[in-house]
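Analysis of the macromolecular model
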Amino acid sequence: MSDQTRRAGVLLYGPPASGKDTVTAALAQHDQRYRQFERLKVGAGKAASYRMGTTEQLAKLEATGDVVYANSRYGNTYVVDQPGLDAAFEAGVPVVHLGQVDGVRALLDGYQAEWLSVLLWCPREVTADRSAGRGDGDTPARLAAWEATQADLDANPGFRFDLVIRTDTVPSGQAAEQIVQALASRGRRLLMVDFDDTLIDRLSAVSAWVSGYCSGHGLAPEVKERMLDAMCIRTDLSTFESLRSELGLLESAAELWARYEPELAASVKPFPGVVEALTAVRDAGHQVVVVTNGGAQIQHAKLRASGISDVVDAVCISEEIGVRKPGHGIFEAAAASVGRNLSQGGWMIGDNADLDIVGGRNAGLRTIWISHGRDWPGGAEPDFIARTAIEAFAHVVGGAR
């Protein structure tokens, strides 16, 4: 581990028999600095993998504010404490086993480190088979705990783990490799960001083009309104074919498109401060990929004209990828364009609730909706709502989870 990752740790969450012990052992085999964190246990019973403590010790930790997280089960209290974590980080890379989403949140929020949160998952029948296969005498209790874990996840639908691993299909060694790779990249965040009306003011440019066209041709205000309505979200050759047929425009659709494409590209402007903000994001070591629907030629022209292409790591355009947002494939391609995969997590930032937020969430990404002062339209909410892209970048780069 480098100095930059010395304060990095792993939070393993999952139901009984999901492989927390096995994956931890595989991590230690990969690098002996990975060590299971021994929680303080106040009570009786099994002492292995715990630091046995007293009620007096617990009271002292509570009095000094050194309890990061505690939960009670089976008549015992299990404690993740500040002094214990300090010592664990001094010794290596702690791997903390947790059974509650609240516990994961408590460490993410209550102890400053570069934590990687990992959900190890297996179906209920796998827990039953594994428990019986290793001769557990309390299989029914473990199945009840599996059901409690499922209920815990259901009760926290908005929580996103950095990494999700199905241990019934992924061997422990491969799971450990995924964790090591993901932890190594935790300091470099992947930001996927929409282009039109997120980084550039496309709507203003389209409005200006429609106004100029209608004024130059002496067209009525209602024609202008209809053109703008048709072109405000997406414009391509087929849009002009429909408008020409409906409104009786003199030029052919091909002539209209040939004029519109270069004129719009030349007129688009980034929102104030966006280019400087993107430069700062990349200077801080983060990766930025523009993920946009649209035609390749016009989108590339707009990217060049606005200066955005010079300050991002990669661009994924739907026409080139063959998949439009909110399709999963375009997000996969965006991650791959900078040498990553979706299992390593990242953020999707954009102004469209369906394309950017729903699409990003379905791809396993954290999401930020650019509101431009609008109210959220409803449905599963993004992880954060920002008024502008600059505010969104600040939220992510500032260490938000």
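Here, the structure is the one placed above.
Residues numbered from 1 in each chain as written. Predicted model: local features only at pLDDT ≥ 70, side-chain atom pairs only at ≥ 80, totals over all residues. Heavy atoms only, no water.

**Digging into the packing of helix α8 (residues 202-216) against helix α11 (residues 253-267)**
In the contact formed by α8 and α11, the axes pass within 10 Å of each other and the chain directions differ by 130°. On the basis of the axis angle, α8 is oblique to α11. Here the hand of the crossing between α8 and α11 comes out right-handed. Packed against α8, whose contacting residues are Arg 202, Ala 205, Val 206, Trp 209 and Tyr 213, the element α11 presents Leu 256, Arg 259, Tyr 260, Glu 263, Leu 264 and Ser 267 at the interface. (Axes fitted to C-alpha atoms, helices over the stretch in contact; angles between N-to-C directions. Helix = DSSP H or I, 4+ residues; strand = E, 2+ residues; numbered from the N terminus. Parallel < 35°, antiparallel > 145°, perpendicular 65-115°, else oblique. Left-handed = near helix turned anticlockwise from the far one by under 90°. Contact = heavy atoms within 4.5 Å.)

**Describing helix α7 (residues 172-184)**
Taking 1.5 Å of rise per residue, 13 residues should cover 18 Å, and α7 covers 18 Å from first to last C-alpha, within 8% of that figure. Those residues of α7 that fall on the buried side of the exposure criterion are Ala 175, Ala 176, Ile 179, Val 180, Ala 182 and Leu 183. Taken around the axis of α7, the buried residues stretch over an arc of 170°, which confines them to a single face. In the core, the buried residues of α7 are packed alongside β1 (8-13), α1 (20-30), β2 (34-36), β7 (93-98), β8 (114-121) and β9 (163-166). (Expected span 1.5 Å × (residues − 1). Buried < 20%, exposed > 50% of the residue type's maximum accessible area, 1.4 Å probe, protein only. Arc of directions from axis to C-beta.)

**Quick look at the sheet that holds β9**
To summarise the sheet geometry, strands pair through backbone hydrogen bonds and adopt either a parallel or an antiparallel arrangement. What the five strands build is an open sheet, ordered β2-β7-β1-β8-β9; its pairing is parallel. The open sheet terminates on both sides in strands that have one partner only, identified here as β2 and β9. Looking at each pair of strands side by side, their axes are set apart by 25° on average, direction ignored. Bridge count for β2 against β7 is three bridges, and the pairing is parallel. Looking at β7, one finds that Arg 35 is bridged to Pro 94. α1 contacts β1, β2, β7 and β8 of the sheet and is inclined by roughly 175° relative to β7. This element, helix α3 (residues 82-91), spans β1, β2, β7 and β8 of the sheet and lies at about 135° to β7. (Pairing = 2+ DSSP bridges.)

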